[in-house]
Amino acid sequence: MKQEQKKLSMPKLFQTRGIGWIAILVSLIALLGTILAFNMSWLIGVIWLVLVFIALMFIFKTLREMSEDTAHYLTNLSYRIKRSGEESALQMPVALILYNENHAINWVNPYMQSLLGDEIIIGQNLADVCEAMEQAVETAIESAETNEGEDEVTTHKTRLAFKDRYFEVTVQTDIQVIYLYDVTENEAIKQNYEDHRLFIGLVSVDNYDEVTESMSDANASTLRTFLTRSFTNWMDAHQIYTRRTAVDRFMIIGYDEGLKQAESDKFSILDDIREATSAQNMPLTLSIGIAYHELSINRLAENAQSNLDLALGRGGDQVVVKAEDGEARFYGGNTNPMVKRTRVRARVISQALSDLISQADQVFIMGHSKPDMDSFGAALGVRRIAQMHDKPSWVVYDTTQPAHSDIKKLLVELSGESRNENAVIMPDEVLNQATEHSLLIMVDHSKPSITESEPVYQRLRERVIVIDHHRRGEEFPEEPQLVYVESYASSSSELVSELFEYQPNNRARGLTRVEATAMLAGIQVDTKSFTLRTGTRTFDAASYLRSVGADGTLIQDLMKESVEATRDRSRLIEQVKVNNGVAIVVGEDTMTYDPVVAAQAADSLLQLIDVKRSFVITRRDEETIAISARSDGTENVQIVMEQMGGGGHLSNAATQLKEITTDQAHAQLQAILDEQAETEE
């Protein structure tokens with residue numbers, strides 16, 4: 001048998017192109033030498049022929065031995081490779097699982113069995129053993145089918161947890177095998193790195209000056225000591241370093257591990273401080289901005305300050321945790337904001353507004369889409385301030401869009417005043433008319449996505465002023481020239497009315513009767529006839545507007561509703577379902593409702609016994625679903641609406657959703673409410 005193999009192996013060598021050419025060349029040289037030798041002498045020819053024969057025999061013998069050695073080497077190598085493959089499957093520290101077309105386990109190697117202990121999984125389905133492993137196989141199969149016809153992809157990698165360890169999983173679909181590489185140690189190193197990344201936080205005591213201004217030095221010192229001790233002890237318990245930087249400021253530094261602990265506790269220090277100080281009739285609240293996942297310390301500090309500004313802009317008494325490129329997480333914010341703004345700030349803002357208006361060639365004022373009376377009234381007020389500085393100014397509003405009855409009546413009244421007959425401008429006209437020196441003032445909103453005209457905002461985004469009373473959200477104009485966001489105010493009209501006190505005292509160019517009436521109506525609407533979120537400044541603003549001509553009778557006329565609106569509101573209220581203090585109305589998906597009607601329905605639902613929160617879901621137009629949310633002040637509906645892309649106040653919020661039905665919007669809302677309920681439990 002071996003002799004036959006040897007015979008067969010020789011020709012194979014000569015089949016190689018290089019060796020074949022060498023054999024031909026040697027043969028030609030031998031033949032040529034033999035011919036020359038015989039031409040010289042037959043004796044020399046015989047001797048030469050014998051030498052050639054001996055040489056050829058030696059060459060053939062050498063080649064035969066080389067062939068045998070090579071064959072032996074290859075045979076031995078193949079055996080070793082096969083043996084090592086079999087041994088590695090049994091001995092190597094990689095878990096192997098063979099499965100069949102039904103995803104039942106056929107075989108596991110010894111290493112996999114060592115992980116299982118006494119548990120036997122052969123014969124079981126992958127889904128019963130580990131759902132993540134079953135999902136990995138399904139994904140690998142889908143990937144292979146997707147790439148069919150190309151360079152065939154038969155493997156898929158993923159990572160999963162199994163038996164208290166972490167594995168990198170490779171699925172080879174063509175031979176139905178799963179490889180599990182233990183990466184527990186790598187995961188531990190990665191987790192240790194993540195846990196020890198630095199974060200920086202800045203803390204502000206919201207109303208320290210207001211609380212301590214009438215205290216004696218001894219009482220103020222006692223309060224300060226209590227605040228510092230309570231705050232430091234809570235932070236120490238969560239492995240966070242605390243340092244007081246001012247009488248009402250702290251800096252906190254720690255690792256992500258400590259931040260996760262604080263977040264799991266939902267920063268209960270906010271409630272602890274507020275409740276303890278309120279019991280002593282000196283309520284203090286905290287606002288905290290925390291930044292993380294940034295290598296630059298300077299950048300971390302800047303982001304922490306930005307997050308603190310966001311917390312304060314939202315009314316304080318809350319924590320904002322946000323990475324630079326991540327979404328913000330909010331904690332707290334469950335109390336109504338206390339008044340912090342002063343008339344000094346109103347005077348400074350009024351002067352800054354005057355300076356910016358004076359530098360502009362024309363001024364455009366824009367409220368939010370589907371404006372209510374507060375939005376339109378505040379816009380008219382700001383326009384009048386621009387007029388007092390002799391600047392061309394207009395309220396940007398698309399008159400071709402559907403509007404509620406109060407706005408329609410207001411537009412009719414405006415057209416009847418000679419000073420306001422050209423007060424409104426269409427968005428398309430603004431795009432043609434605006435210059436690089438034009439100024440855009442956004443009132444009653446700060447989110448570009450809900451503004452009256454996004455193209456106008458984009459056109460003038462580098463010269464923007466924001467005047468708003470809603471809590472500031474993540475979406476905000478980039479680098480606005482002036483920001484006057486006061487969530488402590490009842491309405492934007494209240495803020496704007498205060499600005500008039502520090503403008504040139506020229507009644508001939510001051511507010512007209514309709515403008516003052518619209519602003520007073522805006523305050524009345526947002527405060528529910530002065531019953532919600534009102535303070536002394538609210539009544540001062542109302543008093544000022546009455547003094548410059550606001551007409552109560554005209555307000556009544558503007559606020560009158562049509563029979564259709566009343567019926568629509570009643571139809572919505574009839575569909576209410578109440579569960580655990582939450583009233584939810586889901587309007588018909590085939591019917592559109594006016595946003596004011598939906599908001600009024602949400603307000604009315606709070607009058608029901610045991611209802612703390614109300615949500616009204618209606619179709620706004622063919623593409624948009626709107627949700628109006630209200631609370632009695634004990635629950636925060638702003639957080640709920642923010643999770644759905646909206647915003648607002650603790651007790652008054654809303655959102656808009658695109659390309660879904662009212663039932664789908666209800667499902668999303670219910671999922672958030674259920675998650676909140678589970679967290680509170």
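Predicted model only: the values in this text are computed from it and were never measured.

Caption draft 1: The arrangement of the overall build of the protein in detail. In terms of regular secondary structure, the protein is built from 25 helices and 23 strands. Across the 681 residues of the protein, 46% fall into the buried class. At a minimum sequence separation of 6, the contacts of the protein that also span at least 24 residues come to 65%. Here the protein has roughly 34,900 Å² of accessible surface; of this, 52% comes from carbon and sulfur atoms.

Caption draft 2: Geometry of the pattern of salt bridges. Taken as a whole, this structure holds 22 salt bridges when the rule is applied. When the shortest N-O distance is used, the salt bridge between Glu187 and Arg159 registers 2.6 Å. Here Glu187, found in helix α7 (residues 184–195), pairs with Arg159, found in strand β3 (residues 155–162); they are 28 residues apart in sequence, far enough to count as distant. Relative accessible area serves as the criterion here: at 15%, Glu187 is assigned to the buried category. Relative accessible area serves as the criterion here: at 41%, Arg159 is assigned to the partly exposed category. Among the ionic pairs, Asp182 bridges to Arg165, the shortest N-O distance being 2.6 Å. Taken as a pair, Asp182 in strand β5 (residues 177–182) and Arg165 in strand β4 (residues 165–172) lie far apart in primary sequence, 17 residues in all. Among the residues examined, Arg165 registers a relative accessible area of 33% and is labelled partly exposed. Salt bridges linked by common partners bring Arg159, Glu168 and Glu187 together as one network.

Caption draft 3: Representation of the nonpolar core in the model. Within the largest apolar cluster, 51 residues are counted, with the highest numbers of intra-cluster contacts made by Leu353, Leu410, Ile441 and Ile467. Excluding residues within four positions of it along the chain, Leu410 makes contact with Met373, Phe376, Leu380, Val514, Ala518 and Leu558. Core analysis: the next-biggest nonpolar cluster, separate from the first, contains 31 residues, Ala220, Leu223, Leu259 and Tyr331 among them.

Caption draft 4: Broad picture of the packing of aromatic side chains. Going through the model one piece at a time under the given rule, you end up with 8 aromatic pairs. Between the aromatic rings of Phe267 and Tyr331, the centroid separation amounts to 5.5 Å while the plane-to-plane angle is 50 degrees, which identifies the pairing as tilted. One end of the pair, Phe267, is in the loop between α10 (256–264) and α11 (269–278); the other, Tyr331, is in strand β11 (residues 329–332), and 64 residues separate them in sequence. For the pair Phe267 and Tyr331, one class covers both residues: buried.

Caption draft 5: Structural detail: the sheet that holds strand β7 (residues 240–246). Reading across from one edge, β7-β8-β6-β9-β10-β11 is the order of the 6 strands in this open sheet, with mixed pairing throughout. Bordering the open sheet on either side are β7 and β11, each of which pairs with just one other strand. The average angle at which neighbouring strand axes cross in this sheet is 15 degrees, direction not considered. Of the strand pairs in this sheet, strand β9 (residues 286–292) and strand β10 (residues 318–323) are connected by 6 bridges, and their pairing is parallel. Bridge pairing links Ile288 to Val319 in β10. Seen against the sheet, helix α9 (residues 217–237) touches β6 (198–205), β7, β8 (249–255) and β9 and runs at an angle of roughly 155 degrees to β7.

Caption draft 6: Spatial organisation of the environment of Thr173. Within the element layout of this structure, Thr173 appears in the loop between β4 and β5. Overall, the relative accessible area of 17% leaves Thr173 in the buried class. Distance in space between the C-alpha atoms of Thr173 and Ser143 is 9.8 Å, their sequence separation being 30 residues.

Caption draft 7: Spatial organisation of the packing of helix α18 (residues 492–499) against helix α20 (residues 536–547). For the pair α18 and α20, interaxial distance at closest approach is 9 Å and the crossing angle is 65 degrees. Like other packed secondary-structure pairs, α18 and α20 cross with a definite hand, here left-handed. Between α18 and α20, the residues in contact are Glu494, Ser497 and Glu498 and Arg537, Thr538, Ala541, Tyr544 and Leu545, respectively. Split into classes, the residues belonging to the contact of α18 with α20 amount to 3 nonpolar, 2 polar and 3 charged.

Caption draft 8: The arrangement of the pairing of strand β16 (residues 464–468) in detail. Of all 5 residues that make up β16, 5 are buried, and the element is covered over most of its length. Bridging between strand β15 (residues 439–443) and β16 involves 4 bridges; their strand directions are parallel. The partner of Ile441 across the bridge, within β16, is Ile465. Crossover handedness for the path β15 to helix α17 (residues 454–459) to β16: right-handed. In this structure, β16 lies alongside strand β17 (residues 482–485), joined through 4 bridges in parallel fashion. Bridge pairing in β17 places Asp468 opposite Val485.

Caption draft 9: Quick look at a nonpolar patch on the surface. Residues Phe38, Trp42, Leu43, Val46, Ile47, Trp48, Leu49, Val50, Leu51, Phe53, Ile54 and Met57 make up a contiguous nonpolar surface patch of roughly 1,200 Å² in combined accessible area. The topology assignment puts Ile54 in helix α3 (residues 42–91).

Caption draft 10: Seen up close, the sheet that holds strand β12 (residues 363–366). A sheet is described by the order of its strands in space; here 6 strands give the open sequence β14-β13-β12-β15-β16-β17, paired in parallel fashion. Pairing within the sheet leaves two strands with one partner each, and these edge strands are β14 (424–425) and β17. In the sheet, β12 pairs with strand β13 (residues 393–396) via 4 bridges, with the strands oriented parallel. Note that in β13 the partner of Ile365 across the bridge is Val395. Contacts between helix α14 (residues 373–388) and the sheet are confined to β12, β13, β14, β15 and β16, with β13 contributing the most and set at about 165 degrees to the helix.

Definitions and cut-offs
Residues numbered from 1 in each chain as written. Predicted model: local features only at pLDDT ≥ 70, side-chain atom pairs only at ≥ 80, totals over all residues. Heavy atoms only, no water. Helix = DSSP H or I, 4+ residues; strand = E, 2+ residues; numbered from the N terminus. Buried < 20%, exposed > 50% of the residue type's maximum accessible area, 1.4 Å probe, protein only. Contact = heavy atoms within 4.5 Å. Areas by Shrake-Rupley, 256 points an atom, 1.4 Å probe, with all protein chains shown as cover. Salt bridge = Lys/Arg side-chain N within 4 Å of Asp/Glu carboxyl O. Core = buried A, V, L, I, M, F, W, Y, C linked by side-chain atoms within 4.5 Å. Phe/Tyr/Trp six-rings, centres within 6.5 Å; stacked < 30°, edge-to-face > 60°. Pairing = 2+ DSSP bridges. Axes fitted to C-alpha atoms, helices over the stretch in contact; angles between N-to-C directions. Left-handed = near helix turned anticlockwise from the far one by under 90°. Nonpolar A, V, L, I, M, F, W, Y, C, P; charged D, E, K, R; others polar. Right-handed = clockwise from strand over helix to strand, strands pointing away. Patch = residues over 30% accessible without salt bridge, like charges linked within 9 Å, V, L, I, M, F, W, Y side chains within 5 Å.

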